Amino acid sequence: MPMTILLSFLFFTGFVVFVTWSRVKNQKNDTKDGFFLGGRSLTGGLIASSLILTNLSATSFVGMSALSFKGNMSVMGYEVASGITLIIIALFLVPRYLKQGITTIPDFLESRYDLSVKQFVTVLFLLSYIVNLLPNTLYAGAMVIGGIFDIETMLGINRFQAILLISSIIGFLGLFYAIYGGLKAVVIADTMNGVGLILGGLMIPIFGLIVLGDGSFFHGVEVITTNATDKLQAVGAEDDPNVPFSTMFTGLLLVNLYYWGTDQAIIQRALGAKNLKEGQKGVILAGAIKVITPLFLIVPGIIAYHMFGTADAAGQSYEADTMYTRLVNEVLPKPLVGFFLAAMFGAILSTFNGVLNSSTTLFTLNVYKPIFDKENKLTDEQLVNKGRSFGLFIAILSVGIAPFIMFAPNGLFDLLQRLAGLFSVPIFTIVFMGYITKRVPAIAAKVSLAIFVFTYGIIQFTPASMHQYLGPLQPLAELHFFHQLAVLFVFCCVIMFAFGKVRPRDTDYVLPVNEDMDIKPWEFRFEASAVILYMVLGAYITFSDLGLVSGDTSFMVTYALCGIVIIGGLFARIRKKQAKSAQLTAKEA
């Protein structure tokens, strides 16, 4: 291993650790708000960077590039559609969450339904993190780090042992951020790692295209836009192996709404906002970043396809999950490999310790306290210590599970998404119904959760060769799993509406209000949202028959020119608003 890679890796990693430690060393994290929500002091920039870093783990880089290497650009639906979802979250959900002043999403469910619903959902969250998200994060991180440093050859061990070793190191280091630093330490580290990861991530396709073009970036662009252009197709057909375009309006939309709007590990950043303005600003900024992430998450898989082909000289097919690290090693100058690896390591830690922090929050406040501290005798410091102990336990458990993911038959990212459906949309269903109805009772939420989880589980874990034994569920089992989630969502919503008619609550639900929170919205939220929507449409025009797939770029150019005019108009509108606001301030003074 070249010493330049190791030195640049250690330098950037050490810099992030030092700055984070210096910012939090004098802060006590022995209160609930301080440890779990960063003291409710997070600004828009911190929220956006932490959202992106928690989302962009090695799982995304390894898994998405693998899917585009095997298939096409349709997998970008996960990323680009998130831009629209985050607008919805910022405009509709964040105001409600901050107005209520909740610490966890299950807090709302207790208020809306009852304590048992809150605890049921808490268990689902924890199972999702322990069985799925944390082990997958560790596995993907181990694949990247192990591949770049060639740990197997260096130490003379097999892949299973290498994954277990690296997962243990990541888990150990993650504990210090999440368990001892709290959310504030997590988001400070995220901010620096976020800049490094985006810069490092963008370097991969840039240098990759230069190498592919024999030293010319533009020749590399010409190679991927003139050869096998079907790889650039983002509008997936119904039989597309990755993301059929129709799922953008069914299950994929629901999964994104759950992930960005109700997943505790994600929304906890917005819950820690100092006010609604900063919360909306951070969430919308994160949406803008998500629209451009395919450039460094998915395009590298296309470049790897053109550079390496699909099989080696002996005709042995390449393992798709290893292609991203191979591309990094082949195209980046050695000092930049170390820098990028350090940023990637930060992203791995970010996702791991962010989910770990959220898990301790959920366990401590929603499981331990209601059962063992009914009389409120424990201090905040004692509760935080209980959370830290639980965090240590699930970190060890996740490390033990991580190596077994290498045996997943359809790849890392596919496994992650299918397992996530078991927990995600069922939870979103009852949150959604809780907000749009006032008389649906708690029993409706419990029945909906049970039916959704049981039915989806049966369908997903029944082999395709045995679908004929599913009876009335067979037609549902034949659909793409995103469509399955959409059908079950509608079905369970109908069930909950029926309960609301037959056995309604005694009184209408009234959302409680936290008077201490500043809930004045961000004045430019609509203008910023309009820009993101235009970016989303532009991304799909670019990677479709209207753009690079057909080779005719005239429509793309026209759309870009229109975009410049629209953005100019929006900036003029913003300046007008600012001038009007300044006049009002002057009059009040």
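Residues numbered from 1 in each chain as written. Predicted model: local features only at pLDDT ≥ 70, side-chain atom pairs only at ≥ 80, totals over all residues. Heavy atoms only, no water.

An unreviewed UniProt entry lists the protein chain under the name Solute:sodium symporter family transporter, from Vibrio ulleungensis. Database annotation for the protein chain, UniProt heading Sequence similarities (unreviewed entry): "Belongs to the sodium:solute symporter (SSF) (TC 2.A.21) family." (UniProt positions renumbered as here; feature names shortened; annotations may be inferred.)

Colleague: I'd like a description of the environment of Phe 363, backed by residues and values.
Modeller: Locating Phe 363 in the fold gives a position in helix α17 (residues 334-372). In this structure, the C-alpha to C-alpha distance between Phe 363 and Leu 126, residues 237 residues apart in sequence, is 7.9 Å. Not counting residues up to four positions away in its chain, the partners in contact with Phe 363 are Leu 126, Tyr 368, Lys 386 and Phe 390. (Helix = DSSP H or I, 4+ residues; strand = E, 2+ residues; numbered from the N terminus. Contact = heavy atoms within 4.5 Å.)

Colleague: Please provide a residue-by-residue account of the packing of helix α3 (residues 44-55) against helix α13 (residues 276-292), values included.
Modeller: Here α3 crosses α13 at 45°, and the two axes come no closer than 7 Å. Relative to α13, the element α3 is oriented oblique. Judged by the twist between their axes, the crossing of α3 over α13 is right-handed. In this structure, α3 contributes Gly 44, Ile 47, Ala 48, Leu 51, Ile 52 and Asn 55 to the contact, and α13 contributes Glu 278, Gly 279, Gly 282, Val 283, Leu 285, Ala 286, Ile 289 and Lys 290. (Axes fitted to C-alpha atoms, helices over the stretch in contact; angles between N-to-C directions. Parallel < 35°, antiparallel > 145°, perpendicular 65-115°, else oblique. Left-handed = near helix turned anticlockwise from the far one by under 90°.)

Colleague: Break down the side chain of Ser 74 for me, citing the residues and quoting the values.
Modeller: For Ser 74, the position within the fold is in the loop between α4 (58-70) and α5 (77-100). Of the polar contacts made by the side chain of Ser 74, one reaches the backbone nitrogen of Val 243; its length is 3.5 Å. Ser 74 has contacts with Gln 233, Ala 234, Gly 236, Asp 240, Asn 242 and Val 243, leaving out every residue within four places of it along the chain. (Polar contact = N/O pair within 3.5 Å; in protein donor to acceptor, adjacent residues only side chain to side chain.)

Colleague: Let's hear about the pattern of salt bridges: which residues, and what values?
Modeller: For the coordinates displayed, the defined rule picks out 10 salt bridges. When the shortest N-O distance is used, the salt bridge between Lys 281 and Glu 278 registers 3.5 Å. One end of the pair, Lys 281, and the other, Glu 278, are both in helix α13, three residues apart, so they sit about a helical turn from each other. Assessed through its relative accessible area of 26%, Lys 281 is described here as partly exposed. Here Arg 439 makes a salt bridge to Asp 508, at a shortest N to O gap of 3.3 Å. Taken together, the residues span a long stretch of sequence, with Arg 439 in the loop between α20 (424-436) and α21 (442-460) and Asp 508 in the loop between α23 (481-502) and α24 (525-542) at a distance of 69 residues. One continuous salt-bridge network, built from bridges that share partners, spans Asp 107, Glu 110 and Lys 118. (Salt bridge = Lys/Arg side-chain N within 4 Å of Asp/Glu carboxyl O. Buried < 20%, exposed > 50% of the residue type's maximum accessible area, 1.4 Å probe, protein only.)

Colleague: Quick rundown of the packing of aromatic side chains? Include the residues and the values.
Modeller: Counted under the stated rule, the structure contains 26 aromatic pairs. Where Phe 108 meets Tyr 435, the ring centres are 4.1 Å apart and the plane angle is 10°; that geometry is what we call stacked. Taken together, the residues span a long stretch of sequence, with Phe 108 in helix α6 (residues 105-112) and Tyr 435 in helix α20 at a distance of 327 residues. Of the residues examined, Phe 108 reaches a relative accessible area of 0% and is grouped as buried. Here the aromatic rings of Trp 522 and Phe 524 are separated by 6.5 Å at their centres, their planes lie at 85°, and the arrangement is edge-to-face. A cation over a ring is seen here: Lys 231 above Tyr 305, with NZ or CZ 4.2 Å from the ring centre. In this arrangement the basic side chain of Arg 326 is found over the ring face of Phe 308, its NZ or CZ atom lying 3.9 Å from the centre. (Phe/Tyr/Trp six-rings, centres within 6.5 Å; stacked < 30°, edge-to-face > 60°. Lys NZ or Arg CZ within 6 Å of the ring centre and 35° of its normal.)

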